[in-house]
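Analysis of the macromolecular model
Now for the letters of each chain:
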Amino acid sequence: MTLNCHLRALCAHVPETVITNDDLAALVDTNDQWIVERTGIRRRHRLADTENASDLALAAARRCLEETALPARSLTHVLAATCTPDHLSPSIACILAGALDAGPVMAMDFGAACTGFIYGLSLGRAFLAQAPESRILFVCTEALTRRVNWQDRGTCVLFGDAAAACVLDSEGGEGSARVEDVLCQSDGTQRDLIVVGGGTACRYAPGDPVDDSFFISMRGRDTYKHAVRQMVQVCETLLARNGLTMDDVELFVPHQANIRIIEAVGSRLGVGAERVFVNLAEYGNTSSASIPLALAEARAAGRIRPGDRVLVTAFGAGLTWGAALLRF
Ligand code: UT7
């Protein structure tokens, strides 16, 4: 049986407010040159005080449904990838389903950190294998600036806020991409390398001040090494099991965390810079939203044409990582 999972109407939403490297230099001991040379990031966007991750997701989801001309009532599932939900509960998926008046859909969030988009493609395929008539609204949304420790120069320069939405179904349509294959992996023994705090492991009583455990913490150097090794490994494994090489891939869209990681992965996979899409200078690391935001921009820029095969790969907290092959 051919497993048909198509990704349609990928739409991104990025908040307007921009934080420049110079803005950060006024907060912590850093400077534009260090940030650009060590990360490739120049700006990142930050959601408004009145917004939450669900609002970014809702804006992207509304645009996506508008583009497909699908009524929200025709959805069967709402799936949200996020590591910065509005609340521990209710889920962003339930908030979205309610705001869109989607009716009694199956609605749930899941956490795979920066690998959320790829894990979501795998979940979407599984739901479609179970019930091919499913129509899944899939969003990736992050309010990372709400968990950034603005006193930690090792992490506060890296992250930004964004959301993206698409519909996964069996039919596809104009401009859609078929998910040819997807591979998701993890290594929980390395869970301490990146932690997004603020969960119930932070034991607070009313009146307590928050401490460092409430925020994002990361062992950057170690994370960097695992990121390069695992993204290369998972891409090679996925290509090999499909009988493909990088020559069969028109565009490579890696997770946008650090330009040096992207270059190292590209060079180990033997893919030239002209086939690698990079937009992290403008947005920084937007975790689960990073790949769909990059895909949406790559399409808008004419970097993806009908018939193109695109390889995406991501790496994040957990540790989690994965890769997927998309055929547009
Ligand atoms: O999306 C999830 C996955 N996350 C990632 O993939 C991120 C992976 N890690 C990285 O991207 C890099 O490790 C960082 C960008 C976080 C750091 O770059 P690095 O080249 O690994 O630097 P480092 O942590 O080894 O630090 C080098 C120096 C240190 O100073 P000393 O000890 O050599 O005096 C840091 O204190 O750079 C210092 N440093 C900074 N200096 C200026 C760290 N952050 C900053 C900063 N501005 N913002």
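In this text, all values refer to a predicted model and were calculated from it rather than measured experimentally. (Residues numbered from 1 in each chain as written. Predicted model: local features only at pLDDT ≥ 70, side-chain atom pairs only at ≥ 80, totals over all residues. Heavy atoms only, no water.)

1. Notes on the site of the ligand
Neighbouring the ligand are 23 residues, the closest being T30, R38, R221, N258 and N285. Separating an oxygen atom of the ligand from a side-chain N or O atom of R38 is a distance of 2.7 Å. Here G220 contributes a backbone N or O atom positioned 3.1 Å from a nitrogen atom of the ligand. Here the ligand, which alone exposes 950 Å², has 73% of that area covered by the protein. Of all the secondary structure elements, the ones that give two or more residues to the shell around the ligand are α2 (32–39), α6 (153–156), α7 (220–241) and α8 (259–269). Class assignment for the residues of the shell around the ligand results in 10 nonpolar, 8 polar and 5 charged. Two domains each donate at least three residues to the shell around the ligand, and these are domain 1 (6–174) and domain 2 (179–327). (Near = heavy atom within 4 Å. Polar contact = N/O pair within 3.5 Å; in protein donor to acceptor, adjacent residues only side chain to side chain. Areas by Shrake-Rupley, 256 points an atom, 1.4 Å probe, with all protein chains shown as cover. Helix = DSSP H or I, 4+ residues; strand = E, 2+ residues; numbered from the N terminus. Nonpolar A, V, L, I, M, F, W, Y, C, P; charged D, E, K, R; others polar. Domains from an automatic or database assignment.)

2. Comments concerning the packing of helix α3 (residues 53–68) against helix α4 (residues 92–100)
Viewed as axis vectors pointing N to C, α3 and α4 meet at an angle of 50 degrees, and their least axial separation amounts to 10 Å. By the angle between their axes, α3 is oblique relative to α4. Here the hand of the crossing between α3 and α4 comes out right-handed. Only I92, I95, L96, A99 and L100 of α4 make contact with α3, whose side of the interface consists of A53, S54, A57, L58, A61, R62 and L65. A breakdown of the residues in the contact of α3 with α4 according to their chemical character gives 10 nonpolar, 1 polar and 1 charged. (Axes fitted to C-alpha atoms, helices over the stretch in contact; angles between N-to-C directions. Parallel < 35°, antiparallel > 145°, perpendicular 65-115°, else oblique. Left-handed = near helix turned anticlockwise from the far one by under 90°. Contact = heavy atoms within 4.5 Å.)

3. Details of unusual backbone geometry
Note that the residue after S89, namely P90, is joined by a cis bond; omega there is 5 degrees. If you trace the backbone, P90 turns up in the loop between β4 (77–81) and α4. With an omega of -10 degrees, the peptide bond between G318 and L319 qualifies as cis. In this structure, L319 sits in the loop between β12 (309–316) and β13 (320–327). With a phi close to 55 degrees, D101 is a non-glycine residue in the positive phi region. Relative to the helices and strands, D101 is located in the loop between α4 and β5 (106–110). The class of D101 is partly exposed, set by a relative accessible area of 45%. For S287, which is not a glycine, the phi torsion comes out positive at approximately 50 degrees. Here S287 is to be found in the loop between α9 (280–283) and α10 (290–300). (Buried < 20%, exposed > 50% of the residue type's maximum accessible area, 1.4 Å probe, protein only.)

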